[in-house]
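Below are the chains, spelled out letter by letter.
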Amino acid sequence: MKTQIITGFWTAKSFVERLNGTLAELETDGHEIIEVQYTDSFFCYSALILYK
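To keep things clear, this report deals only with the structure shown in the data block. Worth saying up front: this structure is predicted, and the values here are computed from it rather than measured.

It is worth spelling out unusual backbone geometry at this point. The phi angle at Trp 10 is positive, at roughly 75 degrees, despite the residue not being glycine. Its location among the elements puts Trp 10 in the loop between β1 (2–9) and α1 (12–28). Since its relative accessible area comes to 63%, Trp 10 is described here as exposed. Of note in this structure, Phe 43 is not a glycine but carries a positive phi near 60 degrees.

Listed below in structure tokens is the structure:
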């Protein structure tokens, strides 16, 4: 299994676009998404993607 970490600052919209783009890219490359863990705090967003 592999991991990918996505981070974003200031706006949730740009973070969500980046997260969705990364997920689409992984699926296009034939990877299976196992889990996505999401956290947010004051103007900082992050997600951990677990895939194989």
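Additional details are given in the paragraphs that follow.
For the structure shown, the criterion picks out four aromatic pairs. Centre to centre, the rings of Trp 10 and Phe 43 are 5.4 Å apart; their planes meet at 40 degrees, and the pair counts as tilted. Here Phe 43 lies in the loop between β2 (33–41) and β3 (44–51) and Trp 10 lies in the loop between β1 and α1, a separation of 33 residues in the sequence. Residue classification places Phe 43 among the partly exposed positions, given a relative accessible area of 38%. Aromatic pair Phe 15 and Tyr 38: ring centres 5.8 Å apart, planes at 40 degrees, arrangement tilted. With Phe 15 in helix α1 and Tyr 38 in strand β2, this pair connects stretches of sequence that are 23 residues apart. Grouping aromatic residues by their ring pairs yields a cluster made of Trp 10, Phe 42 and Phe 43.

Conventions used here
Sequence order as written defines the numbering, with residues in each chain counted from 1. Whole-chain, interface and lining totals are the exception, using all residues; otherwise, since this is a predicted model, local features are given only for residues with pLDDT of at least 70 and side-chain atom pairs are given and counted only at 80 or more. In computing side-chain values, all of the structure's heavy atoms are included and hydrogens and water are not. Starting at the N terminus, helices and strands are each numbered in turn, a helix being any DSSP run of H or I of at least four residues and a strand any DSSP run of E of at least two. Working definition: with a 1.4 Å probe on protein chains only, accessible area under 20% of the residue-type maximum means buried, over 50% means exposed, and in between means partly exposed. Two rings belonging to Phe, Tyr or Trp (six-membered ring only in the last case) form a pair when the distance between their centres is within 6.5 Å. Interplanar angles under 30 degrees mark stacking, angles over 60 mark edge-to-face geometry, and anything in between is tilted.

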